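# Understanding the architecture of this molecule
Each chain, written out:
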Amino acid sequence: MQLQVTNSPFNESQIELLNRLLPTLTEAQRNWISGYFSAISTAAAQAPAAVLPLAVAPQAPQAPEAAAALSPPVSREVTVLFGSQTGNCQRLAASLSRRLEEQGFQVTVSAMNQFKTNGLKKVENLLILASTHGEGEPPDNAKAFHEFLYSKRAPQLESLRFSVLALGDTSYEFFCQTGKDFDQRLEELGAQRLSPRVDCDLDYDEQVAEWVQNVIQALNGRLDAPEIAAEAVVAAEDTGIKESVYTRNNPFRAEVLENLNLNGRGSDRETRHLELSLEGSGLAFEPGDSLGVYPENHPELVGAIIQAMGWNADEAVPLNKKGEEGSLHDALSHHYEITVLTKPLLEQAAPLSSNGKLSELLAPERQQELKDYIQGRDLLDLIQDFGPWQASARSFVTILRKLPARLYSISSSNKANPDEVHFTVRAVRYQAHGRERFGVCSVHCAERVEAGDTLPIYIQQNPNFKLPANPAAPIIMIGPGTGVAPFRSFLEEREELGADGKTWLFYGDRHFVTDFLYQTDWQRMLKEGVLTKLDVAFSRDTEEKVYVQHRILEKSKELYEWLQAGAHIYVCGDEKHMAHDVHAALVTVIQEEGGMSPEEASAYLENLQQEQRYQRDVY
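### Side note on the environment of Ala-166
Counting through the fold element by element, Ala-166 comes out in strand β4 (residues 161-167). If near-sequence neighbours (up to four positions away) are discounted, Ala-166 is found in contact with Ala-130, Cys-176, Gly-179, Val-198, Asp-199 and Cys-200.

### Remarks on the sheet that holds strand β13 (residues 420-426)
A sheet is described by the order of its strands in space; here six strands give the open sequence β12-β9-β16-β7-β8-β13, paired in antiparallel fashion. A single partner strand is all that each edge strand has here, and the edge strands are β12 (406-409) and β13. Going from strand to strand, the sheet's axes swing by 40° on average, the running direction of each strand aside. Looking at chain direction, strand β7 (residues 252-261) and strand β8 (residues 271-277) are connected through five bridges and run antiparallel. Residue Asn-261 lies in a different strand from β8, and its bridge partner there is Arg-272.

### Side note on the packing of aromatic side chains
Following the criterion strictly, the structure yields 22 aromatic pairs and no others. Aromatic side chains Phe-490 and Tyr-570 sit 5.1 Å apart centroid to centroid with 85° between the ring planes, which places their arrangement in the edge-to-face category. Note that Phe-490 is positioned in helix α17 (residues 485-497) and Tyr-570 in strand β20 (residues 568-573), a separation of 80 residues in sequence. Per residue, the accessibility class of Phe-490 equals that of Tyr-570, and both read buried. When the ring of Tyr-518 is compared with that of Trp-522, the centres are 6.2 Å apart and the planes differ by 75°; the resulting orientation is edge-to-face. A single burial state applies to Tyr-518 and to Trp-522, both of which are buried. Feature note: the residues Phe-465, Phe-487, Phe-490 and Tyr-570 constitute an aromatic cluster, connected by ring pairs. A cation sits over an aromatic face here: Arg-185 above Tyr-150, 5.5 Å from the ring centre. The ring of Trp-504 carries the charged tip of Lys-533 above its face, separated from the ring centre by 4.9 Å.

### Considerations on helix α10 (residues 328-335)
Side chains that are three or four residues apart share a direction in an α-helix, a result of its 3.6 residues per turn. Among the residues of α10, those classed as buried are Leu-328, Ala-331, Leu-332 and Ser-333. Elements in contact with the buried residues of α10: α9 (299-309), β10 (316-318), β11 (325-327) and α15 (393-397).

### Description of the packing of helix α22 (residues 575-594) against helix α23 (residues 598-610)
The geometry of α22 relative to α23 is characterised by a closest axis approach of 8 Å and an angle of 115° between their N-to-C directions. Judged on the interaxial angle alone, α23 and α22 are roughly perpendicular. Crossing hand, α22 versus α23: right-handed. Across the interface between the two elements, His-583, Leu-586, Val-587, Ile-590 and Gln-591 of α22 pack against Pro-598, Ala-601, Ser-602, Tyr-604 and Leu-605 of α23.

### Section: the nonpolar core
Core analysis: the largest hydrophobic core is formed by 37 residues, its most contacted members being Leu-358, Trp-389 and Phe-396. For this core, the secondary structure elements donating two or more residues are α9, α10, α11 (343-349), α12 (357-361), α13 (367-374), α14 (379-385) and α15. When residues of this core are assigned to their parent elements, the largest contribution, five residues, is made by α9. Ignoring any residue separated from it by four or fewer positions in sequence, one finds Trp-389 in contact with Met-309, Ala-349, Leu-352, Ser-353, Ser-354, Leu-358, Leu-382, Ile-383 and Phe-396. Judged by nonpolar contacts, the second largest core, of 28 residues, contains Ile-478, Ile-552, Ala-567 and Ile-590.

### Examining the pairing of strand β15 (residues 435-438)
Strand direction decides the pairing type here: strand β14 (residues 429-432) and β15, joined by four bridges, are antiparallel. Each residue of the ladder has a partner; that of Arg-429, found in β15, is Phe-438.

### Considering the confidence of the model for the protein chain
When pLDDT is averaged along the protein chain, the result is 89, and 85% of the positions lie at 70 or above. Ignoring residues within four places in sequence, the model shows residues 38-72, a span with pLDDT below 50, making 39 contacts including any to other chains.

### Here we look at the packing of α9 against α10
How two helices pack is summed up by the angle between their axes together with the distance between the axes. Viewed as axis vectors pointing N to C, α9 and α10 meet at an angle of 135°, and their least axial separation amounts to 10 Å. Judged on the interaxial angle alone, α10 and α9 are oblique. Of the two possible hands of crossing, α9 and α10 adopt the one that is right-handed. Contacts between α9 and α10 involve Val-302, Ile-305 and Ile-306 from the first element and Leu-328, His-329, Leu-332 and Ser-333 from the second.

Conventions used here
Residues numbered from 1 in each chain as written. Predicted model: local features only at pLDDT ≥ 70, side-chain atom pairs only at ≥ 80, totals over all residues. Heavy atoms only, no water. Helix = DSSP H or I, 4+ residues; strand = E, 2+ residues; numbered from the N terminus. Contact = heavy atoms within 4.5 Å. Pairing = 2+ DSSP bridges. Axes fitted to C-alpha atoms, helices over the stretch in contact; angles between N-to-C directions. Phe/Tyr/Trp six-rings, centres within 6.5 Å; stacked < 30°, edge-to-face > 60°. Buried < 20%, exposed > 50% of the residue type's maximum accessible area, 1.4 Å probe, protein only. Lys NZ or Arg CZ within 6 Å of the ring centre and 35° of its normal. Parallel < 35°, antiparallel > 145°, perpendicular 65-115°, else oblique. Left-handed = near helix turned anticlockwise from the far one by under 90°. Core = buried A, V, L, I, M, F, W, Y, C linked by side-chain atoms within 4.5 Å. pLDDT = per-residue confidence, 0-100.

Following this line, the structure appears as C-alpha cells:
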C-alpha cells in the first residue's frame, strides 16, 4: 500500500521519500528500523536531548537497546576485487572504480590473486566482481582467494560491508556459482551486505548498471544518487587500446578478405581461417586478445521454427529491449538465441504451453531429468515437444535471450598485419536427438560467409593472456587444435619486434597430413628462428593415441630447465579435458625434475600463476 498525505502524518516530500524507500527494504531491514525507532522513544524519555543518528548502511536486526550504539563513521575507502578469466570483470571493475571516485570515494582495485589476504580484516567496504569458469569453478586469478575464504585461516569479518556482482551464463548448470560462493561465505564470516548480489547472464549491461546504482546508494547512505545509464557503466569494458566508436554494443561491420579451409582433402574436420579488414574502424588489439563475432542463426532452423508455430515470417516483432522492431524472420535470424535451452527460458515458456508437461518437467524432484533434456536441444525441440502453444510471435520472442557474440582468439599480430584481424574457427556439426545440429557461428562462417561479405565484430581485450613485457623471456606455448590460434599472433608479434627470447610450441591434432593447422607458418618460423622448438602430437596416426601432455612429459627435463630460466607458460584450448591433463603433466614435470612433493609442485605452479608466468585461455 502506498503512503499518502491523507492517510499519514507526513508531508508530500516525506511521502515521496518513504514510498521510494519502503518497497526496497528487506524483512531484516524493516525489523531493524522498527527497533531503531523504539530505541529513539526510549532514549527520548530518559534524556530529551538524546539523538540517535542512523548508520549509513543497513545492519543486521538489532535489539532496541543495542540500536543506540549503532552510529559508526562513514568510511570513504572501498576495495574492489575482481576474478576474471577473459577480462570482463576486470574491465567492469575499472569502470566501477571510476564511478566511485567521481562520488568522492578512495578506491583500491585489485585482481584477487594480487590482493594480500592478511589485509582483509582491515577492509570496511568490499565490492567483488567474479565470473564463473568451467563447471562452476573460480577463474584462475580467483582460485587462491576462493580457497582462502573457505579455509580455517579466514577471519571473522563483522565490520565488513560487501556486495557481489556475478557474471555467468544461464546455459551452464552452475550459473554464477563463483559469485554465489563469495556472497555466501562472506555472510558466514559475519559480513553485512551493502546491497544484494546480482547474477548476470551474457547480456548484462542493464543488470550491471542497476547493481552499480544500488552499491553507490548504499555507500552514500542515501536514495537520491543520480541514475546511471547502462552504457556509462560498461563504457570502460568496451574501449579498445585506441579510441574507437565500435564496441560490443556497437559492432563494426568488417569486410571479409579471405575465408580459407585449413584442413587438407580427406579430413573429417573443417577449420576456417578468416581475415577481416579493420580499415576505418579505429580498432586495435594485442596478442592474446579475442575477437567477438555476432553470427546469424541457421536459416533452416529459423524456417522450421516459424513453420512449426504457424507464424508469419514478415510479422513485426520486438528486436531488442530498446523498442526497435523488425520482421520475425530477421529477429530469429540475427537477434535472438534459438539453439540453446536454459532453465530460465523453460520457466518462462511453461505458462505459454497448453499441455502441462513442461510445468511437470520443471518440478524440483525432476531436476536431473530437466538437465538431461536441456542438453543438446534447441528451441525447435521445445516447440515440438511441448505444444500446442498459446502464444503470438510477438509475445514468444520476448522470453528469448539476446543472440550473444562468439569469442575467438585472434590469430594475427596487429603490427604484422595493419588494418586486419585474423581468427580461426572449427565448424561444428553433429547428430543429436534425431536431427543434425550446427554450431551457430562456426557453420555460419564455414557455409555462408564469403570474401566481400561483412561480419559484425568487436575487440575484447584479455589482460590475463599476454606476452611477457621482457622480449628476451622464453615462452612455452601449448595449443592443440584451434587452441594454437593465439600463438600464431604471439610469434608474428615477436617477429615484428625482433624479440630474441626462445620460443617452444606444443601442437596436437588428429592427422599430420590433413590436420596440421598453419603448418607452413610454423615451418617458416622454425627456419627463420622465430620459433625455437616445435613438438607435435597427432593422436590418430599411431596405434596408441598421443596427445600434447605426453609430449610435455617426454620433454620433462628440458621443459623444467626452461621454467628455471624464467620461461612463461601459455595454454589455450579445451578446458574440460586438455587443460586439466596439461596442468597435471606440468605438476608431474615440476615434481620429478625439481625433486618436490606433489603439494610443493602444485604450489610452484600456483606461484607461476601469481607471477603471471602461467596463463591460460581455456573454454
